[in-house]
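Structural description and commentary
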Amino acid sequence: MAVSDQEYVYYHAGGKRGSRPVLRGANAQETFESIPVVDVSRIFSSNVDERKKVATEIGKACRDVGFFYAENHDVPESVIDETFYAIKKFFAMPLEDKMEVHLHKSAALRGYEPLFETKMEGTGRGDLKEAFSIGDDPWDPEQNLPHPPHPSEPKCNFWPTAYPELRPCMYEYYTRVLAFSRKLMQAFALALDLPETYFDAATSFPMVGVRILHYPPQERQSARDIGIGAHTDYSFFTLVQQEKVAALQVLNANGIWVDAPPRPRTYVVNVGDFLSRITNGAFKSTVHRVLNTSGAERYSMPFFFSPNREATLDIVPTCRMEGVDEKGVNAGEYFMERLRAARWQHPSNQGKPPPKVQDLATSEVTVSA
Ligand SMILES: O=C(O)CCC(=O)C(=O)O
Ligand SMILES: [Fe+2]
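Bear in mind the structure is a predicted one, so any value in this text is a computation, not a measurement.

**Describing the overall build of the protein chain**
Within the protein chain, the regular secondary structure consists of 7 helices and 18 strands. A compact globule built from 369 residues should have a C-alpha radius of gyration of about 21 Å, and the protein chain, at 20 Å, falls within 12% of that. With the principal axes as the frame, the protein chain shows a C-alpha extent of 60 × 50 × 40 Å. Looking at the protein chain as a whole, 40% of its 369 residues are labelled buried. Considering only residue pairs separated by 6 or more positions, the protein chain has 74% of its internal contacts joining residues 24 or more positions apart.

Written out as structure tokens, the structure reads:
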């Protein structure tokens with residue numbers, strides 16, 4: 001094949017621009033073509049051998065794909081349904097009610113982001129989605145912290161006055177998914193041949209983000225529009241709850257987009273950059289994107305779970321390699337750096353202009369979801 005005929009897929013991984021050739025036929029490599037399903041009910045078993053068995057399955061999915069469906073989790077269906085009901089009401093509000101909590105008013109980068117505000121792929125109008133984010137906040141009593149916050153700690157979350165019911169609903173969801181995430185974290189430790197409690201101290205008050213998302217339908221993939229451009233997550237791991245509409249796609253080693261449609265009563269779990277980093281890449285932080293060409297409105301809720309803000313995590317002992325000296329990074333700094341990079345219009349970026357397309361093509365510009 002002539003070099004000029006080679007097709008490429010472009011994305012942002014680990015906050016840097018990358019590309020992958022599309023390999024077909026004889027050139028194709030062994031890679032995944034679907035997302036594995038793991039019955040996670042056994043992570044709640046009192047028998048450690050059962051917990052180890054499911055951890056082995058999770059480990060295989062993380063090494064081969066970086067994504068899996070978690071079936072039989074313990075987040076009640078009624079809580080998920082009620083949260084979807086509430087988020088639809090939130091997004092249906094007039095723009096000015098949502099702009100009251102605009103993310104630009106928040107030093108912690110929490111709050112509402114209107115359509116087109118982020119621009120993952122660096123081209124086109126921007127991401128065709130609107131979002132609202134909350135997360136860990138020591139000042140919110142719903143976080144059930146064992147001690148009061150230090151007065152110097154910032155207040156992070158803020159809520160729309162026009163819709164007070166949103167807060168208890170999102171917190172119910174938050175609390176349930178956080179408890180499930182903690183169990184999953186222990187399964188990840190077992191999957192890495194580490195003691196089950198290995199990550200517990202570093203995740204005692206984890207950085208958490210619950211983002212609710214609305215993707216209006218788009219006609220087709222175009223240079224102008226994409227729901228969220230191709231990226232990796234900057235979390236330890238992410239749990240995505242999708243409503244009825246399929247639009248999430250995952251990139252395999254051949255540069256082919258594999259669909260991850262909603263499966264009833266499951267979470268899509270994916271490894272984020274932090275977990276990939278401390279496993280020396282053994283667990284894959286896999287590129288994904290959202291393209292809502294279904295013709296219907298799409299709603300989803302990613303839950304991002306990351307270590308404590310002050311944690312510094314090195315490569316875990318079972319993944320160290322001779323000659324590879326990856327210094328531990330401070331979780332909070334890494335997280336905020338990645339978060340801020342995509343939000344070039346945020347006041348904390350001091351009016352720095354967005355990256356130009358030609359810059360994106362030639363340099364390593366950091367952007368993130
Ligand atoms: O909406 C989805 O299904 C996934 C969203 C996503 O990838 C993200 O917010 O990082
Ligand atoms: Fe993502």
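Structure's up, so let's keep going.
**Some thoughts on the sheet that holds strand β3 (residues 37–39)**
The strand order across the open sheet formed by 8 strands is β3-β4-β14-β11-β16-β8-β7-β5, and the pairing between neighbours is mixed. Of all the strands in the sheet, the pair left with one neighbour each is β3 and β5 (111–113). When strand polarity is set aside, the average angle formed by the axes of neighbouring strands in this sheet is 25°. In this structure, strand β4 (residues 67–71) lies alongside strand β14 (residues 266–271), joined through 5 bridges in antiparallel fashion. In the strand pairing of β14, A70 is matched with Y267. Along the sheet face, helix α2 (residues 77–91) touches β7 (130–135), β8 (206–215), β11 (237–242) and β16 (298–308) and points at about 110° away from the line of β16. Packed onto the sheet, helix α4 (residues 166–191) meets β7, β8, β11 and β16 and runs at close to 125° relative to β8.

**Focus: the packing of helix α1 (residues 48–64) against α4**
Packing of α1 against α4 leaves a shortest axis separation of 8 Å and a crossing angle of 80°. Between α1 and α4, the angle falls in the class roughly perpendicular. Within the contact between the two elements, α1 uses R51, K52, V54, A55, T56, I58, G59 and C62 and α4 uses A187, F188, L190 and A191. When grouped by side-chain class, the residues that make up the contact of α1 with α4 number 8 nonpolar, 2 polar and 2 charged.

**Some details on the environment of E71**
For E71, the position within the fold is in strand β4. Judged by local crowding, E71 falls into the partly exposed class, with 15 C-beta atoms found within 10 Å. Taking the C-alpha atoms as reference, E71 lies 30 Å from Y112; in sequence the two are 41 residues apart. Leave out the neighbours within four places in its chain, and E71 touches V37, V38, D39, V40 and T266.

**Comments concerning the environment of S45**
Its place among the elements puts S45 in the loop between β3 and α1. On the basis of neighbour count, S45 is assigned to the partly exposed category, with 13 C-beta atoms found within 10 Å. If we ignore the near neighbours within four places in the chain, the residues touching S45 are E50 and R51.

**Observations concerning α4**
The end-to-end C-alpha distance of α4, which contains 26 residues, comes to 36 Å, matching closely the 38 Å that a straight helix rising 1.5 Å per residue would cover. In the stretch just after α4, D193 is the one whose phi turns positive, near 60°.

**Examining the packing of α2 against α4**
α4 packs onto α2 with a crossing angle of 140° between their chain directions and a minimal axis gap of 9 Å. When the axis of α2 is compared with that of α4, the two are oblique. Once α2 is placed against α4, the crossing between them reads as left-handed. Listed contacts from α4 to V79, E82, T83, A86 and F90 of α2 are L166, C169, M170, E172, Y173 and R176. Its residues assigned to classes, the contact of α2 with α4 comprises 7 nonpolar, 1 polar and 3 charged.

**A short note on α1**
Taking 1.5 Å of rise per residue, the 17 residues of α1 would be expected to cover 24 Å, and the 24 Å separating its terminal C-alpha atoms lies within 8% of that figure. Residues of α1 that are buried in the fold lie against β3, β4, α4 and β14.

Cut-offs used in this document
- Residues numbered from 1 in each chain as written.
- Chains lettered and ligands numbered in written order.
- Predicted model: local features only at pLDDT ≥ 70, side-chain atom pairs only at ≥ 80, totals over all residues.
- Helix = DSSP H or I, 4+ residues; strand = E, 2+ residues; numbered from the N terminus.
- Rg over C-alpha atoms; globule rule 2.2 N^0.38 Å.
- Buried ≥ 20, exposed ≤ 12 C-beta atoms within 10 Å, placed from the backbone.
- Contact = placed C-beta atoms within 7 Å.
- Pairing = 2+ DSSP bridges.
- Axes fitted to C-alpha atoms, helices over the stretch in contact; angles between N-to-C directions.
- Parallel < 35°, antiparallel > 145°, perpendicular 65-115°, else oblique.
- Nonpolar A, V, L, I, M, F, W, Y, C, P; charged D, E, K, R; others polar.
- Expected span 1.5 Å × (residues − 1).
- Left-handed = near helix turned anticlockwise from the far one by under 90°.

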